[in-house]
Amino acid sequence: MNDRHFDELATRFAEKIYGGAKGAIRLAVLQADLAEALPDRPLRILDIGAGLGHMALWLAQRGHHLTLAEPAAPMLDSARARFAEAGQSATFIQAPWQDLLGQLTEPYDLVLCHAVLEWLAEPESILPVLHQLTAPSGWLSLAFYNRDALVYRNLLKGHFRKLRSNRLEGEKQSLTPQKPLDPRELKAQLDSMWQVESESGVRVFHDYMPKDFQGKAELLDLLEMELAYRRHPGFAGLGRYLHWVCRPR
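About the criteria used
- Residues numbered from 1 in each chain as written.
- Predicted model: local features only at pLDDT ≥ 70, side-chain atom pairs only at ≥ 80, totals over all residues.
- Heavy atoms only, no water.
- Helix = DSSP H or I, 4+ residues; strand = E, 2+ residues; numbered from the N terminus.
- Rg over C-alpha atoms; globule rule 2.2 N^0.38 Å.
- Buried < 20%, exposed > 50% of the residue type's maximum accessible area, 1.4 Å probe, protein only.
- Contact = heavy atoms within 4.5 Å.
- Lys, Arg positive; Asp, Glu negative; His and termini not counted.
- Charge placed at Lys NZ, Arg CZ, Asp CG, Glu CD.
- Phe/Tyr/Trp six-rings, centres within 6.5 Å; stacked < 30°, edge-to-face > 60°.
- Lys NZ or Arg CZ within 6 Å of the ring centre and 35° of its normal.
- Salt bridge = Lys/Arg side-chain N within 4 Å of Asp/Glu carboxyl O.
- Pairing = 2+ DSSP bridges.
- Axes fitted to C-alpha atoms, helices over the stretch in contact; angles between N-to-C directions.
- Parallel < 35°, antiparallel > 145°, perpendicular 65-115°, else oblique.
- Left-handed = near helix turned anticlockwise from the far one by under 90°.

**Side note on the overall build of the protein**
Helix and strand counts for the protein stand at eleven helices and seven strands. What you see for the protein is a C-alpha radius of gyration of 17 Å, in line with the 18 Å of a compact globule of 249 residues. Dimensions of the protein along its principal axes, counting C-alpha atoms only, are 50 × 35 × 35 Å. In the protein, which comprises 249 residues, the share counted as buried stands at 49%. Partitioning the intrachain contacts of the protein with sequence separation of at least 6 by distance along the chain shows that 76% fall at a separation of at least 24. Averaging the locations of the 29 positively and 31 negatively charged side chains of the protein gives two centres separated by 6 Å.

**A closer look at the packing of aromatic side chains**
Tallied over the entire structure, the rule returns five aromatic pairs. The interplanar angle of 55° and the centroid separation of 5.8 Å between the aromatic rings of Tyr-229 and Phe-235 together place this pair among those described as tilted. Since its relative accessible area comes to 37%, Phe-235 is described here as partly exposed. Directly above the aromatic system of Tyr-108 lies the positively charged group of Arg-44, at a separation of 4.2 Å from the ring centroid. One residue, Lys-187, lies across the ring of Trp-244, its end atom 4.9 Å from the ring centre.

**Concerning unusual backbone geometry**
One non-glycine residue, Ala-115, adopts positive backbone phi at about 55°. Position of Ala-115 among the secondary structure elements: in the loop between strand E4 (108-114) and helix H6 (127-133). Judged by its relative accessible area of 16%, Ala-115 is buried. You will see that Arg-203, though not glycine, has its phi angle at about 65°, which is positive. Of note, Arg-203 is situated in the loop between strand E6 (194-202) and helix H10 (211-216). Judged by its relative accessible area of 6%, Arg-203 is buried.

**Thoughts on the pattern of salt bridges**
Taken as a whole and assessed by the stated rule, the structure comprises eleven salt bridges. A salt bridge links Glu-36 to Arg-230; the shortest N-O distance between them is 3.9 Å. Of this pair, Glu-36 sits in helix H2 (residues 21-37) while Arg-230 sits in the loop between helix H11 (219-229) and strand E7 (241-248), and the two are 194 residues apart along the sequence. Because the salt bridges share partners, they merge into one network encompassing Asp-33, Glu-36, Arg-230 and Arg-231.

**Considerations on the sheet that holds E6**
Strand order in the open sheet made by the seven strands is E3-E2-E1-E4-E5-E7-E6, with mixed pairing throughout. Either end of the sheet is taken by a strand with one partner, and the two such strands are strand E3 (91-93) and E6. Going across the sheet, the axis of each strand differs from the next one's by a mean of 15°, ignoring polarity. Pairing of strand E1 (residues 44-48) with E4 involves four bridges; the strand directions are parallel.

**Some thoughts on the environment of Arg-26**
Considering the arrangement of structural elements, one finds Arg-26 in helix H2. Separated by 214 residues in sequence, Arg-26 and Arg-240 have C-alpha atoms that sit 9.6 Å apart.

**What about the packing of H2 against helix H3 (residues 54-61)?**
The packing of two helices is summarised by the inter-axis angle and the distance between the axes. It is the contact of H2 with H3, at a shortest axis distance of 11 Å, that shows an interaxial angle of 40°. In terms of axis orientation, H2 runs oblique to H3. Considering only the axes of H2 and H3, their crossing is right-handed. Mapping the contact onto sequence places Leu-27, Leu-30, Gln-31, Leu-34 and Ala-35 in H2 and His-54, Met-55 and Trp-58 in H3.

**Looking at the pairing of E7**
With seven of its eight residues buried, E7 lies for the most part within the structure. Two strands pair when backbone bridges link them, and strand E5 (residues 134-145) and E7 are joined in this way by six bridges, in the antiparallel orientation. When the bridges of E7 are listed, Phe-144 appears paired with Leu-242. Pairing analysis gives eight bridges linking E6 to E7, with the strands arranged antiparallel. If you follow Val-202 over to E7, its bridge partner there is Tyr-241.

Right, here's the structure in full:
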């Protein structure tokens, strides 16, 4: 298994993820968490696997200095165009995460790593690199595809054979990630390098709603309720993604 990039799926990715409520909820939760955690001063920020640049642009518009690193040229081109249209500047690097330590000389105040780990052949291998790229007084914003939520969704659908075989990875052309992450295993891997300061679930109920209920729900109501329940002790762990804000040890 190799790391998965999105050269051939950039357009489909954009439509699937950011064309509706799923992407809006994801952005709302990440933005709320970061607005709460970060100081009110300009920061040097590195977005690893920046994709289409949605989060990076939001941070740039808040006065921060952005570097976007993305291995897929079509994704990075879209991010460049998004920044240009908004009249914002940034540094753009087309490179996989393995090449970043050789290209970047100073650590960053904030490193974003959103929806990256689950597409790597060996997700744990990026963790020391993230630590080196983050300043000792900085933050790591880590969002990842939650294996618990995938198991629960398959239970609700009655896909018991799939669960017995323990094969939950997405297929080659699928947008289901190839390495859903067990949050307990990931936290143990992080423990020597990072202190997890806040945990939120991303889409803690939306993806479990029947389709007709989803279609009837107003987006503003969905956003309000997802934000309200993103840290609920009974619901946060069911988020399709989990977002952890971490500080270096």
